[in-house]
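Below, each chain spelled out in residue letters.
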Amino acid sequence: MNEPVLARLQHLMTLREEVETLTGTGPWNPSADWADADSHLILYLDVPGVNPDTLELLEEEGSVTIAGQREETHRLLRGERPAGLFRRTLTFPEDVLPRTGQASLAGGVLCVRFEKRHPTINVQSTDAPADHD
């Protein structure tokens, strides 16, 4: 085979892999949000339909990795929801104390609370008049 044909075949294989990822037959990434709760950071991860027994959480220096699996629904007439394994590594938006993550799962949302290394302090000023004696 000549080079242009091999290059086109490689390009077609790459396109196929990208399409499989878009159609949900490849790995998927659940949506995630970080929230500031003064003394804690809270990670919200959408994992509806994921078997809780498959969820894994690994906290490392500066990041957290969450993995799990949602079973594929067989005999689908039309499918839009991704299934299979997922693994997401998210960087902490602020420093947290190591091994302080506490997880809960409700309504298909995984919630993980991490204690901040430097909590946010809200300072409110008072407009009280100063004593002038």
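Residues numbered from 1 in each chain as written. Predicted model: local features only at pLDDT ≥ 70, side-chain atom pairs only at ≥ 80, totals over all residues. Heavy atoms only, no water.

## Points about the confidence of the model for the protein chain
Quick note on the threshold: Confidence scores here are pLDDT values: one per residue, from the predictor, ranging 0 to 100. To qualify as a helix, a DSSP run of H or I must reach at least 4 residues; to qualify as a strand, a run of E must reach at least 2; elements of each kind are numbered from the N terminus.
The pLDDT averaged across the protein chain works out to 85; a share of 80% of its residues lies at or above 70. When mean pLDDT is compared element by element in the protein chain, strand 7 (residues 109–115) scores highest at 98, while helix 1 (residues 3–22) scores lowest at 67.

## Regarding the environment of Leu-57
The test is simple: Whether two residues are in contact is decided by their heavy atoms: any pair within 4.5 Å suffices.
Inspection of the secondary structure assignment puts Leu-57 in strand 3 (residues 56–60). Linking Leu-57 and Thr-89, residues 32 residues apart in sequence, is a C-alpha distance of 9.8 Å. Setting aside chain neighbours within four positions, we find Leu-57 in contact with Val-64, Thr-65, Ile-66 and Val-112.

## Focus on the packing of aromatic side chains
The condition is simple: Aromatic pairing here means that ring centres of Phe, Tyr or Trp (its six-membered ring) are within 6.5 Å. Orientation follows from the plane angle: under 30 degrees is stacked, over 60 is edge-to-face, and everything else is tilted. Burial here depends on accessible area, computed with a 1.4 Å probe over protein chains only, as a share of the maximum for the residue type. Under 20% is buried, over 50% is exposed, and the range in between is partly exposed.
All chains considered together, the criterion is met by four aromatic pairs. Seen in terms of ring centroids, Trp-34 and Phe-114 are 6.1 Å apart; in terms of plane orientation they differ by 45 degrees. Their pairing is tilted. Placement of the pair is Trp-34 in strand 1 (residues 32–37) and Phe-114 in strand 7, with a sequence separation of 80 residues. Look at Trp-34 and you get partly exposed, because its relative accessible area is 28%. Overall, the relative accessible area of 0% leaves Phe-114 in the buried class.

## Comments concerning the pattern of salt bridges
This is how it is decided: Between Lys or Arg on one side and Asp or Glu on the other, a salt bridge is scored when a side-chain nitrogen of the former is within 4 Å of a carboxyl oxygen of the latter.
Per the counting criterion, the structure on display carries two salt bridges. Lys-116 is paired through a salt bridge with Asp-36; the nearest N and O atoms lie 2.8 Å apart. Of this pair, Lys-116 sits in the segment after strand 7 while Asp-36 sits in strand 1, and the two are 80 residues apart along the sequence. Taking the relative accessible area as the measure of exposure, Lys-116 reaches 1% and is therefore buried. For Asp-36, a relative accessible area of 46% gives the class partly exposed. In this structure, Lys-116 engages Glu-94 in a salt bridge whose closest nitrogen and oxygen atoms are separated by 3.5 Å. In this pair, Lys-116 sits in the segment after strand 7 while Glu-94 sits in the loop between strand 5 (84–91) and strand 6 (102–106), placing the two residues 22 residues apart along the sequence.

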